[in-house]
Amino acid sequence: MSYLERYDSIPAENVSDRVNVINQGAFTDWTQLFKELRESRPIFITPKFVLVSLFPDVQEVLSRSEYFSVRTFASKMDPVFGPCMLARDNSEHNWREKSIMRAVLPLEDLPMVRKMAGEIAKSSLDKSAATGKMEVVHDLAKFVPIRLCGDYFGFPGPDLETMYRWAKTTQDDMFRNLSNDPKVHEASVESSNEMRAYLTELLKEKRAKETQRPTNFFSYLAQFFQAKTANNDQNIPPGDIFTRLASTKFPGDIPFSEDRIIAHMMIFLVGSIEGTAQVITQAIEQLLKRPEIFQKALAAAKNNDDETFDKYVREAIRFNPFSPFLVRFCEADYTLAAGTPRETPISAQSIVLAGVGSAMFDPAVVTNPDEFLIDRPNYNYMHFGYGSHTCLGEHIAGVVVPEVVKQILLRPGLRFLPGDEGKVEYQGYIPSRFVVAYDE
């Protein structure tokens, strides 16, 4: 019996059981659930939320922030970061703070970041070489971004385990605490207080080391790009991201206080560890599941053809993305897909799940969606969301993820372990352990 058949067989007044059927599909079998929805009920209104499954409708939801907002995240994020762009729409936070962060995360850094990620990954793999096994999730997929958080972002933390805990507790509350468990929220706030205390002292240290500080943001940018030009051959930036922010004296009419600097350093940790680890793990699994595809990706890796190799990784993630949907809050009554046979009124205050995973399998837009094809146009992918809340770190993740995957593929004889030992273990829908084997 399909998910929709099971749903329809339950009396309408039994709301809990109906919703549980859809929840089961969304979190454990999203490909099948959304396939049914695309074919039969592309805009599906349940008693608790609305699921949107077709490519153009998902784009419409994610590009209409005045109607479909991210306000539901504010109660989890504000106690950690203060008011921030991640939980705001069309505000000064989005306009000002995202612009500042883009300025200190220039695309010119990407070759250096990729090289750093590759070296960290190789070092971790070398340590496990004698055993011929690698636990991917903790020892590689999380370890690399944690190290990058220190080496590139400038937030090394007191020790690795504390950084892992800070990243997990905050992610668990902000993005996985659907039942609003107060203990999960308390752990996130506690981590944020610890991070803030640590970063406050680190900011003082960084500023104390600065001997020549630009007098305003614009002179900082001039100095920054002069340093980039001078160091072009070595591709060395003038300091990590935290140092760039710490060394900048913003003019009074650009309110970007020490508190906002610290908040964004916390955002780097929260946003870059758990999600990056998840997609690295799932990309490796998807490639190993397809031996012929694996060999083609491996050939590109051996030839250092990163442009081609990255396409294999991007396509692999499509089959198991970071999240099959993004949550939005309907601010006012809205008719979705107006003028089409599927047009549907969405009531104000509805929770809307925009199925980005489903959109990437919509055959009306994505050619032969069930096939593994690497020459798809970039717009077919929604790995980093869509619209005004497209992930700020998309370019960094776009080099870190494939580089880590590349380094593990380059290990000779990479393969699944037999039986259950070789399967990805999950905590909820998040990978918690994945052991692979390779030749010494």
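Residues numbered from 1 in each chain as written. Predicted model: local features only at pLDDT ≥ 70, side-chain atom pairs only at ≥ 80, totals over all residues. Heavy atoms only, no water.

## Some remarks on the packing of aromatic side chains
Evaluation of the coordinates by the stated rule reveals 17 aromatic pairs. The interplanar angle of 35 degrees and the centroid separation of 6.2 Å between the aromatic rings of Phe-155 and Trp-166 together place this pair among those described as tilted. Separated by 11 residues along the polypeptide, Phe-155 in the loop between helix 8 (136-151) and helix 9 (160-176) and Trp-166 in helix 9 bring together distant segments of the chain. Residues Phe-155 and Trp-166 agree in their burial class; the two are buried. Measuring from ring centre to ring centre gives 5.8 Å for Phe-319 and Phe-372, while their planes differ by 0 degrees; the resulting arrangement is stacked. Here Phe-372 lies in the loop between helix 17 (356-359) and helix 18 (394-409) and Phe-319 lies in the loop between helix 16 (306-318) and strand 5 (326-330), a separation of 53 residues in the sequence. (Phe/Tyr/Trp six-rings, centres within 6.5 Å; stacked < 30°, edge-to-face > 60°. Helix = DSSP H or I, 4+ residues; strand = E, 2+ residues; numbered from the N terminus. Buried < 20%, exposed > 50% of the residue type's maximum accessible area, 1.4 Å probe, protein only.)

## So, the environment of Tyr-198
Within the secondary structure, Tyr-198 is located in helix 10 (residues 182-209). Distance in space between the C-alpha atoms of Tyr-198 and Phe-329 is 34 Å, their sequence separation being 131 residues. Aside from chain neighbours lying at most four places away, what touches Tyr-198 is Phe-155, Pro-156, Gly-157, Pro-158 and Trp-166. (Contact = heavy atoms within 4.5 Å.)

## Quick notes on the nonpolar core
Judged by nonpolar contacts, the single largest core of 132 residues is most densely connected at Phe-81, Tyr-152, Leu-269, Val-405, Ile-408 and Leu-409. When neighbours within four sequence positions are excluded, Val-405 is seen to be in contact with Ile-280, Ala-283, Ile-284, Leu-287, Phe-309 and Val-313. (Core = buried A, V, L, I, M, F, W, Y, C linked by side-chain atoms within 4.5 Å.)

## Overview of the sheet that holds strand 4 (residues 133-135)
Read across the open sheet, the three strands follow the order 4-12-9; overall the sheet is antiparallel. Taken across any chain shown, the strands that pair with only one partner, and hence form the sheet edges, are strand 4 and strand 9 (415-416). Of the pairings in the sheet, the one linking strand 4 to strand 12 (residues 435-437) comprises three bridges and is antiparallel in character. Bridged to Met-134 within strand 12 is Val-436. (Pairing = 2+ DSSP bridges.)

## Notes on the pattern of salt bridges
Within this structure, the stated rule accounts for 29 salt bridges. When the shortest N-O distance is used, the salt bridge between Arg-260 and Asp-259 registers 3.9 Å. The class of Arg-260 is buried, set by a relative accessible area of 8%. According to the relative accessible area criterion, Asp-259 is partly exposed, its value standing at 38%. Several salt bridges converge on common partners, so that one network encompasses Arg-114, Asp-306, Asp-310, Glu-403 and Lys-406. (Salt bridge = Lys/Arg side-chain N within 4 Å of Asp/Glu carboxyl O.)

## Topic: the side chain of Arg-114
Take Arg-114: it is sitting in helix 7 (residues 110-128). Overall, the relative accessible area of 10% leaves Arg-114 in the buried class. Polar side-chain contacts of Arg-114 include one of 2.8 Å to the side chain of Asp-310. Residues contacting Arg-114, with those up to four places away along its chain left out, are Asp-306, Asp-310, Val-399, Pro-402 and Glu-403. (Polar contact = N/O pair within 3.5 Å; in protein donor to acceptor, adjacent residues only side chain to side chain.)

Geometry only, nothing functional implied.
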